[in-house]
Amino acid sequence: MLAVVIGVGMLSLSRTGPSSPRLYTLRSYCLRRAYSNTEVIPHSNSAERKPHGPLRVYNSLTKSKTSIEPYNGRPLKWYSCGPTVYDSAHLGHARNYVSQDIIRRILVDYFGYDVHLVMNVTDIDDKIIARTRENYFAERFKAEHDELTRELISEMTEMLRVFVQTKIIRTLPQDMVHKEGLDQDWTKLFSLVDSAHLSSAASKISGREKLKTHFISAVCLRSDRVETGANYEYQKRFFDSLVVGRSRLGDGLTNKNFVLELVEGSKDILGTVLNEKTADLWESRFFRDMSRLNVEPPGTITRASEYVPEIVRFIEGILDKGYAYSSNGSVYFDTCAFKQSGEGRQVILLPLSTLKLKSMPDAAHAFVSDKKATTDFSLWKAAKPGEPSWNSPWGPGRPGWHIECSAMASSVFGDHLHIHSGGIDLMFPHHANELAQSEAYHDCAEWVDCFIHIGHLHIDGLKMSKSLKNFITIDELLKKYTSRQIRFAFLLRSWNARLDFSDSIMENEVLPLEATIKNFFAHVESLAIDKRTFKIGHLSGVREQDLRLNFDRAKTTFRNALSDSMNTPSALAVIRNLIAQSNAYINQTSSGVDGLLIIEIATWISKMLRMFGLEQQDTARLGWETASSPGSATSDNSALLPYLQALSSFRDDIRSIAKNRSPDMAQELLVLCDKLRGDVLPPLGIQLSDRAGKWPRADQVCTTKCFT
C-alpha cells in the first residue's frame, strides 16, 4: 500500500497491485543481465571454476602463511571440530562457526575450490555424562510433578519401554523375541530373566538361561550403565517402582512423597533417558542457531556415539605400533615413545615439556599411577559407575575426547587432511594430541596440511563466563542485532585475532558501515529509474575514466586481501572506499552519470557481500534485503522506488514553476497535474479520475507492462 499526499490540489493516491514496471528498457537489462558474469558465480556451479592463486592462509602448525593449492580437481578435505552439545549455543560459538563459514565461502564462492567439510558433534564427553548432570535431570523431574497421577505413571512407563526395547530387546535374536512374546509385551523380559536367576533346575530352564545370557550381553554392550548386575538392577528397580506407583495410585495415595518415591526408584535410568533427550535437543538447537546466523551446513556430520567401533579399531592400531599401553582398563598414548620415534609434530602446536599437570584434563580423570608419564593422555577411559560405557578389548569404557576426532576424520578422509579447524582454545591439548595419535596410527609425518584456529572472543575486555554474568546466547544476541550485523562484526576483525565484542563496536563500526552500504544501494536504484541522470551509452570522460580505474584497482586490491589469509577487514575497506569514490562521482556529475559503470560497480559489491554470507538468498538482485529490526521479517523497498521517483520529479517541477513566478503559473501547474495523471501514473499501474466536488479517485489498472 502506497499513500502519497501532494500539497498542490490535495491529490490523494493509493495503490496495491502488481510488481512495479521498474526498469523495462535497456536499464533493466543492465541491472539484471549485463554484468552478472563477474568475480563470483553461483555456489552450485563454483566447483566448475579453476581456482585462482596464490592463496595463502595462516597455519598454526608452521606459524606462517601456507599456500592452499588446487588438488587435481579433487575436493579439499576439511575437518572442523564441532560443538559439545550440552547447553545453549553462545556468542563464542557464533564467532567460531560464522568465521569458519566465511572462510569456507571465500574458498568456494570466490576462489572456486571444491570443499568437503566434515563437522563432528561431541556427544560423549565429561560435561554431558557427569553423574551430577543426570542427578540434575532427575531432581528437576521431581520438582515438576507435585502429585502422583496416571499421566505421570504413563510417561515414565513409556520412558522405560523405549529404553528396554531400543537398548535390550532389539539386540536379542529375533526368533527368541518372538518365541518369548517380547515383541508383544516388553515387560515379560523382567520375569523371564528373574526366573533364570531363581530356578535351580538348569535342565528345566536352559532356554531361559540362554535368554538371560543374551540379555546380560546386550546390557553390557548397549546399556548406559557399567556393571552387568547393576544394569539389570537399575532397570528392574525402575520397573518395580512403576508397579508400586500404580498400586499407590489405585489406593488414592497421590501426594508429593509418593512422587519422590517413584522418581528415587527410577532415577538411575530416568536421568540417563532425560539426558539423552536433552543432548538431541541441544544439537538440534545448535544447528537451528547456525541456520539463523546464515551458516551453511557441513557436507557431513559425525557423532562420537555412532563411531565407537571405528574408535576402538583406531586405538588397537596405535597399540599395535607401540605408541600406546593399557592400564587398569584404560588405554593411554605413550608420549615418550612417540617423541623418541621422531615422527610427530604435536610439539609444534605447544611443547609437551612446558605443560603443567594442572592443565591436563585427563589428570583429573585417572590416577597418575595409571600412566607412565603425566603427559600421557587417554585414548580409552575405563568405565566408572554411572557413566555410559561400551564394550572393548580392555573392558567396558568410553573413548577419550581426543581420539574421537582422529578416528572420525580418518574414517571419512583416510590418512590425510588438507584443513583442520576449531577455536584457538582447542590448539592444546586437543589438536596437539589429535595430531600425535593420528600420525602414530597412520605412520606419517604430515596428517594435516593446515591448522586454522579462530581467535578468542572477549566481551567488553573480559572472557565470557556465566559467573561474570556476561554469557550471551545466540538467541539473546539475535534479539538485539541481526545476523548480518553480527557477521559484519566478525568480518571487521581478522579471523585468527582476538575479538573484543561490545555494543561500542556495533554502534561505532558495524551499524555505520551497514548504513553506508544500504544507502549506496538505495541511491543507485533511485538513479537507475531517472532517465535524465542515468545515461546508457554515456560519453566516457575524465571522471568516468578515473572511476573505472579506481574500480579495477579495487578488484585487484580486494583479491590481494583475500589471498592474504582471508583478510576480510582489508577487503571491507576496499568496498567502503569504492562506495565513497562512486558517491563522489555521482554527486559531482551534473550532466548525468555513466549508468553502465555505476550498475557494474553496485553489482560487483552486491556479489562480494553475498559471497561473505551477508545476504540470506543467492539472487542476482542489486544490494540486499533489509530487515527493520533484529528478528523481523525482511522487506524489499525497491518496489516503491518508481512511485517515489515520480513524486520527487513532480515536486521538483512544482518548485521550478514557483521560482520562475510566471504570470501563467496557474496554467503551468494544471498542465503539470494533467501530465502526472495522463503520462506518469498509467505506466505505474495507476489511473487517476477527477470527480466533481470530491477527491480524485485512484484505481489500479493493468497494462502489458504489468506482466513483464
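Residues numbered from 1 in each chain as written. Predicted model: local features only at pLDDT ≥ 70, side-chain atom pairs only at ≥ 80, totals over all residues. Heavy atoms only, no water.

### Some thoughts on the overall build of the protein chain
Across its full length, the protein chain carries 23 helices and 22 strands. Across the 708 residues that make up the protein chain, the buried fraction comes to 50%. In the protein chain, the proportion of contacts linking residues at least 24 apart, taken out of those at least 6 apart, comes to 74%. Surface accessibility of the protein chain: about 32,800 Å² in total, with carbon and sulfur atoms responsible for 51%. (Helix = DSSP H or I, 4+ residues; strand = E, 2+ residues; numbered from the N terminus. Buried < 20%, exposed > 50% of the residue type's maximum accessible area, 1.4 Å probe, protein only. Contact = heavy atoms within 4.5 Å. Areas by Shrake-Rupley, 256 points an atom, 1.4 Å probe, with all protein chains shown as cover.)

### Notes on the sheet that holds strand S10 (residues 377–382)
Across the sheet, which stays open at both edges, the 4 strands sit in the order S8-S9-S10-S11 with antiparallel pairing between neighbours. The open sheet terminates on both sides in strands that have one partner only, identified here as strand S8 (324–327) and strand S11 (397–399). Here the strands of the sheet are splayed against their neighbours by 20° on average, with no regard to which way each runs. In the sheet, strand S9 (residues 330–333) pairs with S10 via 3 bridges, with the strands oriented antiparallel. By the bridge assignment for S10, Phe-333 is matched with Phe-377. (Pairing = 2+ DSSP bridges. Axes fitted to C-alpha atoms, helices over the stretch in contact; angles between N-to-C directions.)

### Some details on the pattern of salt bridges
Going through the model one piece at a time under the given rule, you end up with 17 salt bridges. Among the salt bridges present, the one from Asp-289 reaches Arg-292, with a minimum N-O distance of 3.2 Å. One end of the pair, Asp-289, and the other, Arg-292, are both in helix H10 (residues 256–292), 3 residues apart, so they sit about a helical turn from each other. Arg-484 is the partner of Glu-514 in a salt bridge, and the nearest nitrogen-oxygen pair spans 3.6 Å. Here Glu-514 is found in helix H18 (residues 503–528), whereas its partner Arg-484 is found in helix H17 (residues 483–491), with 30 residues between them in sequence. Look at Arg-484 and you get buried, because its relative accessible area is 13%. Members of the salt-bridge network, linked through shared partners, are Arg-288, Asp-289, Arg-292, Asp-475 and Lys-479. (Salt bridge = Lys/Arg side-chain N within 4 Å of Asp/Glu carboxyl O.)

### Considering the confidence of the model for the protein chain
For the protein chain, per-residue confidence averages 76 on the pLDDT scale, and 69% of positions sit at 70 or higher. Here residues 351–367 scores under 50 on pLDDT; set against residues more than four positions off or in separate chains, the count is 28 contacts. (pLDDT = per-residue confidence, 0-100.)

### Some words on the nonpolar core
In this structure, Leu-107, Phe-558, Ile-605 and Phe-612 are the most contacted members of the largest nonpolar core, which totals 84 residues. Discounting chain neighbours no more than four positions away, the residues touching Phe-558 are Tyr-110, Ala-571, Val-574, Ile-575, Trp-604, Met-608, Met-611 and Phe-612. Residues Val-118, Ala-324, Ala-407 and Met-408 belong to the second largest nonpolar core, which totals 38 residues. (Core = buried A, V, L, I, M, F, W, Y, C linked by side-chain atoms within 4.5 Å.)

### A closer look at the state of the cysteines
Counted according to the given criterion, the structure contains 0 disulfides. Unpaired in terms of disulfides, Cys-81 finds its nearest cysteine sulfur in Cys-405, a separation of 3.8 Å. (Disulfide = S-S within 2.5 Å.)

### Looking at the environment of Glu-264
In this fold, Glu-264 is placed in helix H10. A relative accessible area of 38% places Glu-264 in the partly exposed class. Sequence separation between Glu-264 and Lys-142 is 122 residues; the distance between their C-alpha atoms is 8.9 Å.

### Re the packing of helix H11 (residues 308–320) against helix H14 (residues 401–413)
Packing of H11 against H14 leaves a shortest axis separation of 9 Å and a crossing angle of 100°. Judged by the angle between their axes, H11 and H14 are roughly perpendicular. Contacts from Glu-310, Ile-311, Phe-314, Ile-315 and Ile-318 of H11 reach H14 at Ile-403, Glu-404, Ser-406, Ala-407, Ser-410 and Ser-411. (Parallel < 35°, antiparallel > 145°, perpendicular 65-115°, else oblique.)

### Thoughts on helix H19 (residues 542–563)
For H19, with 22 residues, the first-to-last C-alpha span of 32 Å sits near the 32 Å given by 1.5 Å per residue. Taken together, the buried positions of H19 are occupied by Glu-544, Leu-547, Phe-551, Ala-554, Phe-558, Arg-559, Ala-561, Leu-562 and Ser-563. Buried residues in H19 make contact with strand S3 (56–59), helix H2 (91–110), helix H20 (568–588), strand S18 (593–594) and helix H21 (595–611). (Expected span 1.5 Å × (residues − 1).)

### Points about the pairing of strand S12 (residues 417–423)
For S12, the buried fraction is high: 7 of the 7 residues fall into the buried class. Sheet analysis places strand S5 (residues 76–80) next to S12, joined by 3 bridges and oriented parallel. Each bridged residue has a counterpart across the sheet, and for Trp-78 the counterpart in S12 is Ile-419. Sheet analysis places S12 next to strand S13 (residues 448–454), joined by 6 bridges and oriented parallel. The residue bridging Gly-423 from the neighbouring strand is Ile-454, located in S13. Assessed by its sense of winding, the connection that carries the chain from S12 through helix H15 (residues 427–442) to S13 is right-handed. (Right-handed = clockwise from strand over helix to strand, strands pointing away.)

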